[in-house]
Amino acid sequence: MRETVLKVENVTMQFGGVIAVDNMNLVVKKGEIVSMIGPNGAGKTTAFNVITGVYPPTNGAVYFNGEKIVENHPQGKMKKLYKGENNGQYSHVLAPTPDRITKLGIARTFQNIRLFKSQTVFENILIAEHLRRTSNLFSATFHLNGAEEAQMRSEADELLHILELDDVRDEMATSLPYGKQRRVEVARALATKPSLLLLDEPAAGMNPQETDELTAFIGRIRDDFNLTIFMIEHHMDLVMEISDRIYVLDFGKTIAEGIPEEIQNNPRVIEAYLGGAVDE
Amino acid sequence: MKKKKELVISLVLIAVLIGILRLMEINISPQSKWAMLMTVLKKGSIYALVAVSMNLLNGFTGLFSLGQAGFMMIGAYTYAIFTIPADQREMVYMYYNGGIVKFAIPAICGVLLAGVFAAFFAFLIGIPVLRLKSDYLAIATLGFAEIMRALFQWDTLGPLTNGSNMLRSYPTPASASVIYPFVVSGVCIAVIVLMINSTYGRAFKAIRDDEIAAEAMGINLAHHKRIAFTVSSFFAGISGALLAMFQTNVQAKSFNSAMTYEILLIVVIGGIGSVTGSVISSFLFIACSEWLLRFLDEQHVIGEFTVPLMRSGFRKVVFSIIIMVIVLFFRQGIMGTREFSISGILNKISGRSRKAQKGEPK
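Residues numbered from 1 in each chain as written. Chains lettered and ligands numbered in written order. Predicted model: local features only at pLDDT ≥ 70, side-chain atom pairs only at ≥ 80, totals over all residues. Heavy atoms only, no water.

**With respect to the confidence of the model for chain B**
All names here are of chain B.
Here is step 1: Here chain B averages 86 in pLDDT, while 95% of its residues score no lower than 70.
Here is step 2: For the stretch residues 353-362, pLDDT sits under 50, and the model shows 11 contacts to residues farther than four places along the chain or on other chains.
Here is step 3: As a predicted assembly, this complex carries a pTM of 0.88 together with an ipTM value of 0.89. (pLDDT = per-residue confidence, 0-100. Contact = heavy atoms within 4.5 Å.)

Below is the structure:
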């Protein structure tokens, strides 16, 4: 039995009167590649944002490596407005900022690529090394941390080498072709040395060839970096090929869960994707 | 090896610069028409420091703050209050029985203390204000600067700030010699540059480029914004102290929002995100406003013909037009985000491509 890396427990996210994520429960185990699929507006990115601390859930908790990292319950105006389940089950508030969550070992990429646009590929990676600094403002300013600085640079270079991005090291990050930019974004996330990597639609806007390359790439980094990967994706080829398990979301609710074959034949999933009733 | 060579060249150039400044100082008499040049150099170096400190916030961290004049004022007052010689206090604080501060500290300690006080205020103000973004931050910091200005003129604080009367009679080394403001500003700007090139500087630039991504990379936004704001204000405070020396008297009403806009203009003209751009443009700006465009304010008569429009105040019209042209056609400013460096010029001369050595460990 593999140990659980990420556990989302009874998470509900309600914006005003709209429930974006409704009582989500999911588990990601060590070394797995788990995908989350669902039509547009199903609440997939919202779930990611809850896990990474962009906003606290309205109700529910998130565990990482067995430790509770996020917890919340309806407060203030939400007390009256709350329409979800499990009200009253949680009483603590634990809402760390995204940088805290990254330090714990959860890294993410974004649906619309968010590279640091005025900087080169190398500098983009180097920024991720900042979170492991031991130098303070004074020693860093007066460059008394030479050894650490050198280590940061060599680690960034090493990462670029492993991910075969050496050739674009000094290019401006945003001048690269789309597929390469995705790779740089993944590389930047890896530079924070995560144990869990969240990919938000990594194949969005890619052509079939780039998608194939990405499929191989994701599989490879999982093995090379000893990662657990949780991703949102729309490209079914990619999802079916590399996922160990799949969660299907529709209107905030988890409607199906299982290995790719089960999902492909699940009538509720087909209904959600194609619409209308399914004739048996 | 290369680094050593660069360092030696830089040191030689700095020594040459100081030598030239010293020679100019000896040879230019206060009566000559070049005397204005010395004023421009003094004031320009002071404005260069505050412009670079503003650039650290606006250009490198992406925090659009307009509180610079307020922090300069805190610096200027701190310096003046603590360095007025004890025997002069009775005269300066004549309406407040000699004030409450009865001692004086050496000038250089006063300069440092000016920075520390400005940084301390920035830290306090930063707690609520740095939650705001873009325009809202600008409005809040501008408001703070105006409140501080009013507060310093408040009669009740008179024993400390001398109310709306001016503070004077404190030591003014920056007014006596042009080398003093050059050295102090130079050292401070060097520290800012070192900081921008450190891992913290990279984090600032990441915040400027994309806050959400920066946070996802493990950069604590609140912490780093506070550092940038506090450090920027520290140096604004120091430049305020230098300005107090240069002006030989301090009055709160001169640190108005127009001053902040002047500094902002310098930053924009020089290029948001370029330290050398800010330095160059502050000298240009001060030279234009204090010296080169002065002739526009005088009436000129050529033979029988009186040149129209040339009268007092016309300088400001021309100046505004220049600024509009820059903002419309040279939006990047003089330098954009590039930097002017000795090694860059050396490379150009020796014909090596810059690409080959960019990003190499320094």
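Now that the structure has been shown, the text picks up again.
**What to know about the environment of B:Met38**
Residues and elements named next belong to chain B.
Here is step 1: Along the polypeptide, Met38 turns up in helix α2 (residues 35-61).
Here is step 2: Judged by relative accessible area, which is 9%, Met38 ranks as buried.
Here is step 3: Those residues in contact with Met38 that sit more than four places away from it in its chain are Leu21, Met24, Glu25, Ile28 and Val178. (Helix = DSSP H or I, 4+ residues; strand = E, 2+ residues; numbered from the N terminus. Buried < 20%, exposed > 50% of the residue type's maximum accessible area, 1.4 Å probe, protein only.)

**Describing the nonpolar core**
Here is step 1: The biggest cluster of nonpolar side chains holds 92 residues, and the ones touching the most others in it are B:Phe71, B:Tyr79, B:Leu167 and B:Val250.
Here is step 2: Counting residues per element, this core draws most heavily on helix α12 (residues 221-247) of chain B, at 13 residues.
Here is step 3: Residue contacts for B:Val250: discarding those within four places in its chain leaves B:Ala76, B:Tyr77, B:Ala80, B:Asn165, B:Met166, B:Leu167, B:Tyr170, B:Ala244 and B:Phe255.
Here is step 4: Listed in part, the 49 residues of the second largest apolar core include A:Ala156, A:Leu159, A:Leu197 and B:Met217. (Core = buried A, V, L, I, M, F, W, Y, C linked by side-chain atoms within 4.5 Å.)

**A short note on the interface of chain B and chain A**
Here is step 1: At the interface, 30 residues of chain B touch 34 residues of chain A.
Here is step 2: For the pair chain B and chain A, the summed buried surface comes to about 2900 Å²; carbon and sulfur atoms form 60% of the total.
Here is step 3: Its largest share of buried area at the contact with chain A, chain B owes to B:Arg202, B:Asp209 and B:Met217, together 25% of the area lost on that side.
Here is step 4: Counting every contact that joins chain B to chain A gives 2 salt bridges. (Buried area = accessible area lost by both parts, 1.4 Å probe. Salt bridge = Lys/Arg side-chain N within 4 Å of Asp/Glu carboxyl O.)

**Considering the pattern of salt bridges**
Residue and element names in this part refer to chain A.
Here is step 1: Counted by the stated rule, this structure contains 28 salt bridges over all chains.
Here is step 2: A salt bridge links Glu32 to Arg245; the shortest N-O distance between them is 2.9 Å. Within this pair, whereas Glu32 is found in the loop between β2 (18-29) and β3 (33-37), its partner Arg245 is found in strand β9 (residues 245-250), the two being separated by 213 residues in sequence.
Here is step 3: The salt bridge involving Asp244 is made with Arg222; its shortest N-O contact spans 3.4 Å. You can see Asp244 sitting in the loop between α9 (236-242) and β9 and its partner Arg222 sitting in helix α8 (residues 208-224), a full 22 residues away along the chain.
Here is step 4: Residue classification places Asp244 among the partly exposed positions, given a relative accessible area of 29%.
Here is step 5: Through salt bridges that share partners, Glu129, Arg132, Glu155 and Lys193 make up one connected network.

**A look at the environment of A:Thr97**
Here is step 1: Mapped onto the fold, A:Thr97 is located in the loop between α2 (78-81) and α3 (98-104).
Here is step 2: Residue classification places A:Thr97 among the partly exposed residues on the basis of a relative accessible area of 37%.
Here is step 3: Along the sequence, A:Thr97 and A:Tyr55 sit 42 residues apart, while their C-alpha atoms lie 8.2 Å from each other.
Here is step 4: Filtering out sequence-adjacent residues up to four positions away, A:Thr97 remains in contact with A:Gly53 and B:Glu215.

**Overview of the confidence of the model for chain A**
Here is step 1: Within chain A, residue pLDDT values average 89, and 98% of them lie at 70 or more.
Here is step 2: For chain A, helix α11 (residues 267-274) of chain A is the element with the lowest average pLDDT, namely 82, and strand β8 (residues 228-232) of chain A is the one with the highest, namely 94.

**Remarks on unusual backbone geometry**
Note on backbone geometry: most residues besides glycine have negative phi, and most peptide bonds are trans.
Residues and elements named next belong to chain A.
Here is step 1: In this structure, Asn23 takes a positive phi of about 50° despite not being glycine.
Here is step 2: Checked against the element boundaries, Asn23 lands in strand β2.
Here is step 3: Its identity as a non-glycine residue notwithstanding, Lys193 has a phi of 55°, on the positive side.
Here is step 4: On the secondary structure map, Lys193 appears in the loop between α7 (178-190) and β7 (196-200).

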